[in-house]
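# Report on the structure
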Number of protein chains: 2
Amino acid sequence: MEPHEPDLAAVPVTAVLAALADDVRLQIVRALAEGGEAACGSFDFGVSKATRSHHLKVLREAGLTRTRAAGTSRLVRLRRDEVDQRYPGLLDAVLAPRPPA
Amino acid sequence: MEPHEPDLAAVPVTAVLAALADDVRLQIVRALAEGGEAACGSFDFGVSKATRSHHLKVLREAGLTRTRAAGTSRLVRLRRDEVDQRYPGLLDAVLAPRPPA
DNA sequence: GGTGTTGTTCGAAAGTTGTCGAACAAGGGT
DNA sequence: ACCCTTGTTCGACAACTTTCGAACAACACC
């Protein structure tokens with residue numbers, strides 16, 4: 001089955017925000033923003049692979065990432081341009097390094 | 001008891017995003033961004049007053065709004081400057097009118 | 001004091017989410 | 001063919017969210 005990667009315009013804002021409103025997922029997005037394309041397995045943030053797979057699905061279905069198969073792996077990348085076009089400044093605001101709490 | 005209005009720097013990004021990731025709350029924020037200070041009761045988005053009170057609490061505790069008493073009412077306002085300082089572009093990105101889905 | 005308006009808090013119900021282990025599927029090696 | 005690696009899916013469970021009505025608190029006004 002083809003992965004479900006909706007047009008960003010078809011995803012409600014609240015779904016995009018909800019996708020970003022999780023610590024694990026935010027770390028994944030941060031890693032993708034810095035490192036470009038990466039395999040699912042490279043996101044080891046202390047959760048099981050089932051959980052990781054779930055989070056990647058949430059990001060994908062929120063229109064934030066794309067996934068393509070590559071051998072036994074799957075490579076994930078951020079849909080940066082599209083997100084920036086529809087929500088200019090959002091990723092910058094969310095991912096920017098911030099003064100410590 | 002004084003309303004709990006944390007310093008924005010003390011609120012995790014994910015909590016801010018989660019606060020915005022709800023339809024009712026986003027409508028409230030939108031109304032505040034356009035109309036300035038407003039009484040709680042002015043946000044009639046088809047939910048009961050108990051629910052409305054809950055959502056305003058979430059926004060307040062995410063550091064997004066301030067509330068002050070005024071007679072029998074409570075006036076709510078967006079902490080726009082502070083939010084813009086800590087998350088430059090976030091509110092603009094989220095509240096901007098968007099091309100229809 | 002009593003009455004009405006405005007909000008908050010409580011308790012409960014329904015739904016959603018994050019998490020896991022186990023089972024499964026698809027590829028690449030040897 | 002066999003196994004190992006990499007991910008996805010399933011079923012379950014706990015925790016959190018959204019929502020409501022009802023009860024309560026605070027204030028204003030007659």
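Structure: above.
Residues numbered from 1 in each chain as written. Chains lettered and ligands numbered in written order. Predicted model: local features only at pLDDT ≥ 70, side-chain atom pairs only at ≥ 80, totals over all residues. Heavy atoms only, no water.

## What to know about the relation of the copies chain A and chain B
Two chain copies, one operation linking them: a rotation about an axis together with a shift along it. Quick reminder of the rule: When the copies are superposed, the least-squares fit takes in the C-alpha atoms of residues with a pLDDT of at least 70 in both. Here, residues are in contact when the closest pair of their heavy atoms is within 4.5 Å.
With an RMSD of 0.0 Å, the operation that places chain A on chain B is a rotation of 180° combined with a shift of 0.0 Å along the axis. The relationship between the two copies is best expressed as a two-fold rotation axis. Of all interface residues in chain A, 100% are interface residues in chain B too; the two copies therefore contact each other through one and the same surface.

## Quick word on the pattern of salt bridges
For clarity, the threshold we go by: Throughout this description, the term salt bridge denotes a Lys or Arg side-chain nitrogen within 4 Å of a carboxyl oxygen of Asp or Glu. Strands here are runs of E lasting at least two residues and helices are runs of H or I lasting at least four, both read from the DSSP assignment and numbered beginning at the N terminus. For every residue, the accessible area obtained with a 1.4 Å probe (protein chains only) is divided by the maximum for its type, and the residue is called buried under 20%, exposed over 50%, and partly exposed between those limits.
One pass over the full model with this rule turns up 12 salt bridges over all chains. One salt bridge in this structure joins Arg66 of chain A and Glu5 of chain A, with 3.2 Å as the shortest N-O distance. Of this pair, Arg66 of chain A sits in strand E2 (residues 65-70) while Glu5 of chain A sits in the segment before helix H1 (13-20); the two residues are 61 residues apart in sequence, bridging distant segments of the chain. Among the residues examined, Glu5 of chain A registers a relative accessible area of 22% and is labelled partly exposed. With a closest N to O distance of 3.2 Å, Arg80 of chain B and Asp84 of chain B form a salt bridge. Here Asp84 of chain B and Arg80 of chain B lie together in helix H4 (residues 80-86), a separation of 4 residues that amounts to about one turn. Judged by relative accessible area, which is 26%, Asp84 of chain B ranks as partly exposed. Residues participating in the shared-partner salt-bridge network are Glu5, Arg66, Arg79 and Glu82 of chain A.

## Brief notes about the protein's contact with DNA strand D
Defined as follows: Any residue with a non-hydrogen atom lying within 4 Å of a molecule or strand is treated as near it. The term polar contact refers here to a pair of N or O atoms within 3.5 Å; inside protein, the definition further demands a hydrogen-donor-capable atom paired with an acceptor-capable atom, and it admits residues adjacent in sequence only when both atoms are side-chain atoms. Residue type decides the class: Asp, Glu, Lys and Arg count as charged, Ala, Val, Leu, Ile, Met, Phe, Trp, Tyr, Cys and Pro as nonpolar, and the leftover types, Gly among them, as polar.
Around DNA strand D there are 21 residues in total, and Lys49 and Ser53 of chain A together with Ser48, Thr51 and His55 of chain B lie nearest to it. If you look at DNA strand D and keep only atoms within 4 Å of the protein, 67% of those are sugar or phosphate atoms. A distance of 2.5 Å is found between a phosphate oxygen of DNA strand D and a side-chain nitrogen or oxygen belonging to Ser53 of chain A. In the environment of DNA strand D, a phosphate oxygen lies 2.8 Å from a nitrogen or oxygen atom belonging to the backbone of Ser48 of chain B. Contributions of two or more residues to the surface near DNA strand D are made by helix H3 (49-61) and strand E3 (73-78) of chain A together with helix H3 (49-61) of chain B. Here the surface near DNA strand D takes 4 residues from H3 of chain B, the largest share from any one element. Of the residues in the surface near DNA strand D, the class split is 6 nonpolar, 11 polar and 4 charged.

## Side note on the sheet that holds strand E3 (residues 73-78) of chain B
Residue and element names in this part refer to chain B. Cut-off, in case you're wondering: Two strands form a pair only when DSSP identifies at least two bridges running between them. Axis lines are fitted to C-alpha atoms, over the contacting stretch for helices. Their N-to-C directions set the angle, which ranges from 0 to 180 degrees.
What the 3 strands build is an open sheet, ordered E1-E3-E2; its pairing is antiparallel. If you trace the sheet from one side to the other, it starts and ends with strand E1 (38-39) and strand E2 (65-70), each paired once. As judged from the 2 bridges shared by E1 and E3, these two strands associate in the antiparallel manner. Counted as the bridge partner of Ala38 is Val76 from E3. Each of E1, E2 and E3 touches helix H2 (residues 23-35); the most contacted strand, E3, lies at about 85° to it.

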